[in-house]
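Given next are the chains, with one letter for each unit.
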Amino acid sequence: MSLSITSLNSGSNGNCYYIGNDREAVLVDAGISCRETEKRMRRLGLSMLRVKAIFVSHEHTDHIKGIPVIAKKYKLPVYITEATLRSGGLPLHAEQVVSFKAYEPVQIGDLCVTAFPKHHDASEPHSFIVGNGRVNIGVFTDIGIACEHVIQHFQLCHAAFLETNYDEQLLEQGRYPWYLKNRIRGGKGHLSNHQALELFKAYRPPFMSHLLLSHLSAENNHPDLVHALFTEHAAGVEVVVAGRTAETPVYVIGGGVTAPLTLF
C-alpha cells in the first residue's frame, strides 16, 4: 500500500512531481522537456509507461511547458481546469483534455487525486493530494499564503512537497525590482522559508515521514540555509531539498498509520 515519490525538477526553471505505485503513476505538472523527464526517470529506474495522467496546477510556463510533447507521445490525459487551459494556451487535442473541479476526487487506477484551491496569481490555481486509501501525498507549491485549504490538507499527508521559495532577508536585500519582490511576498506569490516552517510546525500530522522542500528561488534562497532551518524542527521527519537542476531519489512512503481521508 506504499507510494513512491520523487521531484524530477523543482523551481522557476521547471516543476514536475511523480507519485505512483507499482502499476500506475501521475505527474503533477510537467514543466521540463519530455526528453529531460524521460532521462531523469530512467536514472531513477522509473518507466514513463507507468504514468497514466498529468495534473496541472496552473498555467505558468514552468509548470506546463513539457506537457504538449509528453501528452502526445504517451497518449496521456491532461487534467486541467477550463480557465487554466484558456490562460495557458496549451496546444492539446480535445480528447486529451479532462476537466476537474476542486474537491471532486479523480480515480487513476488505485490512485485517487483530489484538487483544492489555493492563493496564487494565476487564473484558477489548485494544489493536489494523491492517495491510495492509506497513504496521502500532498503537492503544496506556488502558494501565496497557507490558507485554510492548505492547512486542512497538509494535516492529511504522510509526505509532502512544500514550497520554501525564499528567505525574507535575501529577498529584501537582493537585486529584484521592488514590484517583483512585492509580487513574491504579496499573498498571491510564494511561501517564504519561515511561512512554510510555521505551517510545518503547527500542522504536521504525527504520521508524516518525509518533507520535500520545493520551488526554491535561485537568487533568494539557498538549499543549505532552508535545510538547516527545517532540520532543527524535523522531529523524525526526513527533510529533503528538491533541486532546481536534478531529480531527487525515489522515496517510498509506507504509511504505517492510516490517515483520515478528509477533514471536512
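Residues numbered from 1 in each chain as written. Predicted model: local features only at pLDDT ≥ 70, side-chain atom pairs only at ≥ 80, totals over all residues. Heavy atoms only, no water.

A. Region of the structure containing the overall build of the protein chain. When helices and strands are counted, the protein chain shows nine helices and 14 strands. A compact globule built from 264 residues should have a C-alpha radius of gyration of about 18 Å, and the protein chain, at 17 Å, falls within 12% of that. Along the three orthogonal principal directions, the C-alpha set of the protein chain runs to about 45 × 40 × 40 Å. Buried residues in the protein chain amount to 55% of all 264 residues. Sequence separation of at least 24 residues holds for 67% of the intrachain contacts in the protein chain that already meet a minimum separation of 6. (Helix = DSSP H or I, 4+ residues; strand = E, 2+ residues; numbered from the N terminus. Rg over C-alpha atoms; globule rule 2.2 N^0.38 Å. Buried < 20%, exposed > 50% of the residue type's maximum accessible area, 1.4 Å probe, protein only. Contact = heavy atoms within 4.5 Å.)

B. Representation of the confidence of the model for the protein chain within the structure. Per-residue pLDDT for the protein chain averages 95, and the proportion of residues at 70 or more is 96%. Counting contacts from residues 256-264, a segment whose pLDDT is below 50, to residues more than four positions away or on other chains yields 24 contacts. (pLDDT = per-residue confidence, 0-100.)

C. Expanded view of the environment of Glu172. Within the secondary structure, Glu172 sits in helix α6 (residues 168-173). In this structure the C-alpha to C-alpha distance between Glu172 and Asn220, which are 48 residues apart in sequence, comes to 8.6 Å. In contact with Glu172, not counting residues within four places along its chain, are Trp178, Lys181 and Arg185.

D. Focus on unusual backbone geometry. We note that Tyr103 has phi near 70 degrees; this positive angle belongs to a residue other than glycine. Tracing the backbone through its elements, the reader meets Tyr103 in the loop between β6 (97-98) and β7 (106-108). Residue Tyr103 is classed as partly exposed on the basis of its relative accessible area, which comes to 35%. For His215, which is not glycine, the phi torsion reads 55 degrees and is therefore positive. With respect to the helices, strands and loops of the structure, His215 is situated in the loop between β12 (210-214) and α9 (223-231). When its relative accessible area of 2% is taken as the criterion, His215 is described as buried.

E. Structural detail: the sheet that holds strand β4 (residues 51-55). With mixed pairing, seven strands are arranged side by side in an open sheet as β6-β5-β4-β3-β2-β1-β14. Strands with a single pairing partner mark the edges of an open sheet, and in this sheet they are β6 and β14 (251-253). Bridge analysis of strand β5 (residues 78-79) against β6 gives two bridges, and the strand direction is parallel. Within β6, the position partnered with Val78 by the bridge is Val97. On top of the sheet, helix α1 (residues 34-44) reaches β1 (3-9), β2 (16-20) and β4; it is set at about 135 degrees to β1, its chief contact. (Pairing = 2+ DSSP bridges. Axes fitted to C-alpha atoms, helices over the stretch in contact; angles between N-to-C directions.)

F. Region of interest: the pattern of salt bridges. Under the defined criterion, the tally for this structure stands at ten salt bridges. When the shortest N-O distance is used, the salt bridge between Glu36 and Arg40 registers 2.9 Å. With a gap of four residues between them, Glu36 and Arg40 both fall in helix α1, about one helical turn apart. Here Glu36 matches Arg40 in class, with each residue buried. Between Lys73 and Glu38 there is a salt bridge, with its nearest N and O atoms 2.7 Å apart. (Salt bridge = Lys/Arg side-chain N within 4 Å of Asp/Glu carboxyl O.)

G. Spatial organisation of the sheet that holds strand β9 (residues 126-131). Strand order in the open sheet formed by seven strands is β7-β8-β9-β10-β11-β12-β13, with mixed pairing between adjacent strands. The outermost strands of the open sheet, each flanked by one partner alone, are β7 and β13 (238-241). Put simply, the sheet's adjacent strands are angled 20 degrees from each other on average, direction ignored. Sheet topology note: the strand β10 (residues 136-140)/strand β11 (residues 159-163) ladder contains four bridges and is parallel. Residue pairing across strands places Phe140 opposite Leu162, the latter belonging to β11. Together, β11, β12 and β13 form the strand contacts of α9, whose direction differs from that of β13 by roughly 165 degrees.

H. Main features of the packing of α1 against helix α3 (residues 67-74). As a packed pair, α1 and α3 sit with axes 8 Å apart at the nearest point and diverge in direction by 65 degrees. Between α1 and α3, the interaxial angle falls into the category roughly perpendicular. Each of Cys34, Thr37 and Glu38 in α1 lies in contact with α3, whose residues at this interface are Val69, Ile70, Lys73 and Tyr74. A per-class count over the contact of α1 with α3 returns four nonpolar, one polar and two charged. (Parallel < 35°, antiparallel > 145°, perpendicular 65-115°, else oblique. Nonpolar A, V, L, I, M, F, W, Y, C, P; charged D, E, K, R; others polar.)

I. Structural context of the pairing of β9. Summarising burial for β9: six of the six residues are buried, a large majority. Neither face of β9 is exposed, since His126, Phe128 and Val130 on one face and Ser127, Ile129 and Gly131 on the opposite face are all buried. Sheet topology places strand β8 (residues 111-117) next to β9; six bridges connect them, and they run antiparallel. Residue pairing in the sheet places Ala115 in a bridge with Phe128 of β9.

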